[in-house]
Amino acid sequence: MTPSPIGLFDSGVGGLSVWRCIADLLPAERTIYLADQAHVPYGPRPPAEIAALTHAAAAWLLEQGAKLVVIACNTASAVALASVRQAWPQALIVGMEPAVKPASAGTRSGRVGVMATPGTLHADRFHRLVERFAGGVEVHTSFCPGLVEWVEQGWLAGPEIDALLRRCLAPLLAAGIDQLVLGCTHYPFLLPAIQAAVGPGVTVIDPAPAVARQVQRRLAAADLLAPAAAMPAQHQFYTTGEVAALQTALTRLLGLTGASVRAASLQIQAADAEVPA
Ligand code: DGL
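Because the structure is a prediction, the values reported are computed rather than measured.

Cut-offs applied
- Residues numbered from 1 in each chain as written.
- Predicted model: local features only at pLDDT ≥ 70, side-chain atom pairs only at ≥ 80, totals over all residues.
- Heavy atoms only, no water.
- Near = heavy atom within 4 Å.
- Polar contact = N/O pair within 3.5 Å; in protein donor to acceptor, adjacent residues only side chain to side chain.
- Areas by Shrake-Rupley, 256 points an atom, 1.4 Å probe, with all protein chains shown as cover.
- 1 Å grid on protein atoms, 1.4 Å probe; cavity = no way out; pocket = protein on both sides within 12 Å on 5 of 7 lines; lining within 4 Å.
- Sits in = over half its atoms within 2 Å of the grid points.
- Nonpolar A, V, L, I, M, F, W, Y, C, P; charged D, E, K, R; others polar.
- Core = buried A, V, L, I, M, F, W, Y, C linked by side-chain atoms within 4.5 Å.
- Buried < 20%, exposed > 50% of the residue type's maximum accessible area, 1.4 Å probe, protein only.
- Contact = heavy atoms within 4.5 Å.
- Helix = DSSP H or I, 4+ residues; strand = E, 2+ residues; numbered from the N terminus.
- Arc of directions from axis to C-beta.
- Phe/Tyr/Trp six-rings, centres within 6.5 Å; stacked < 30°, edge-to-face > 60°.
- Expected span 1.5 Å × (residues − 1).
- Pairing = 2+ DSSP bridges.
- Right-handed = clockwise from strand over helix to strand, strands pointing away.
- Salt bridge = Lys/Arg side-chain N within 4 Å of Asp/Glu carboxyl O.
- Disulfide = S-S within 2.5 Å.

Right, let's talk about the site of the ligand for a bit. Residues in contact with the ligand amount to 14 residues; listed here are only the nearest, S11, Y42, N74, T75 and H186. Measuring from an oxygen atom of the ligand, one finds a backbone N or O atom of G43 at 2.8 Å. Within the backbone of T185, an N or O atom sits 2.8 Å from an oxygen atom of the ligand. The protein chains hide 99% of the 300 Å² of surface that the ligand would expose on its own. Under a 2 Å grid-point criterion requiring more than half of the atoms, the pocket assigned to the ligand is the largest cavity. Split by residue class, the shell around the ligand holds 6 nonpolar, 7 polar and 1 charged.

A separate point is the nonpolar core. Residues V70, M115 and I194 are the most contacted members of the largest nonpolar core, which totals 53 residues. Every residue in contact with V70, bar those within four places of it in the chain, is listed here: I6, G7, L8, F9, V18, I22, V94, V211 and V215. One finds A57, A58, V69 and I71 within the second-largest nonpolar core, a separate group that totals 26 residues.

Our next topic: helix α9 (residues 191–198). A193, I194 and V198 are the residues of α9 that are buried. The buried residues of α9 occupy an angular sector of 125° when projected down its axis, which confines them to one face. When the buried face of α9 is taken as reference, the exposed residues oriented beyond 90 degrees from it are P192 and A196. Those residues of α9 that are buried lie in contact with β5 (111–115), α8 (159–174), β7 (179–182) and β8 (203–205). Looking one or two residues beyond α9, the residue adopting positive phi is G199, at roughly 85°.

What follows covers the packing of aromatic side chains. Applying the stated rule across the entire model yields 3 aromatic pairs. Measuring from centroid to centroid gives 4.9 Å for W60 and Y238, while their planes differ by 70°, and the two rings are edge-to-face. One end of the pair, W60, is in helix α2 (residues 47–63); the other, Y238, is in strand β9 (residues 235–239), with 178 residues separating them in the sequence. Each member of the pair, W60 as well as Y238, is classed as buried.

Between its first and last C-alpha atoms helix α11 (residues 243–254) spans 16 Å; for 12 residues at 1.5 Å apiece the expected length is 16 Å, and the two agree. Among all positions of α11, only L246, A249, L250 and L253 are buried. Each buried residue of α11 sits inside an arc of 105° when the element is viewed along its axis, so together they form one side. Elements in contact with the buried residues of α11: α1 (16–25), β2 (31–35), α7 (147–153), β9 and β10 (260–263). Just downstream of α11 lies G255, where phi reads positive at about 70°.

Moving on: the pairing of β9. Burial runs high along β9: 4 of the 5 residues are buried. Pairing analysis gives 5 bridges linking β2 to β9, with the strands arranged parallel. When the sheet's bridge partners are listed, L34 is paired in β9 with Y238. As defined by bridge partners, β9 adjoins β10 across 4 bridges and the pair is classed as parallel. Of the residues in β10, the one forming a bridge with Y238 is R262. The parallel pair β9 and β10, bridged by α11, forms a crossover whose chirality is right-handed.

Per the counting criterion, the structure on display carries 4 salt bridges. Taking the shortest distance from any N to any O, the salt bridge between E29 and K67 comes out at 2.6 Å. Of this pair, E29 sits in the loop between α1 and β2 while K67 is found in the loop between α2 and β3 (68–71), placing the two residues 38 residues apart along the sequence. Since its relative accessible area comes to 3%, E29 is described here as buried. For R45, the salt bridge is made with E49, and the minimal N-O distance between the two is 2.5 Å. Look at R45 and you get partly exposed, because its relative accessible area is 23%. Classification of E49 as partly exposed rests on a relative accessible area of 34%.

A word on the state of the cysteines. Under the counting rule described, the total for this entry stands at 1 disulfide. Each sulfur in the disulfide pair C144 and C168 lies 2.2 Å from the other. Every disulfide takes its handedness from the sign of the S-S torsion; for C144 and C168 that torsion is 125°, giving right-handed. Of this pair, C144 sits in the loop between β6 (138–142) and α7 while C168 is found in helix α8, placing the two residues 24 residues apart along the sequence. With respect to burial, C144 and C168 carry one shared label: buried. The closest cysteine sulfur to the non-disulfide-bonded C73 is located on C184, 6.9 Å from its own sulfur.

Here's what the structure looks like:
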């Protein structure tokens, strides 16, 4: 019998920054990746819409037999992780959250920056995270409209991206941050451009490796880790948008050629956004 896959989804290709860490850490695991490119970007959408899309994507992955679902999108996690867990109490669901905790633990200046979408930064979940883990540390936030779209196109460098990053990050640098949290899964693909924009004095934090370790822990605890295999694991990629666009992005972002990419369509119904605890 083919072992069940790990399911991941994002509004688009951003979650591939999490996928690559999971594929590196757990090479025996099959994966199914869903890019909801018909609806990217999620960031500027109202919470009820983000929740409905997130529930539809989680339902789709569970229908495909995913043994664990990674919501590889900060925006979807910030808005709907709790309600997805409530809707499928038996399922293993791992979400993203901006790495405010390690940034606050690591800062020497007492000021940290978070780059994320408006959907993430406006969510109650983000405010609770800051209250809980950033005691005594100033948290400065920025969203960079347009960046997600660049990454969707597979553009990771160039003068327009550098100018946009300089503009968005200037207030954070002026505030004296020494840690910058990448709070959107699209941004790690821009790490060289972001590091160049903030300079060597700022530590840039990508939470994807920590999420991959969390997936490993959750699967081990449930005794669901795939046995070591002689053959490389199979990976399937689905998009609600253009198959050719995802194929191109896989090559540009991950150097994957000839990957299996298919079309998917989601059943979208109203769902609750996260309610304040
Ligand atoms: N990659 C997503 C995130 O981590 C969302 C980007 C978007 O669709 O706006 O927030």
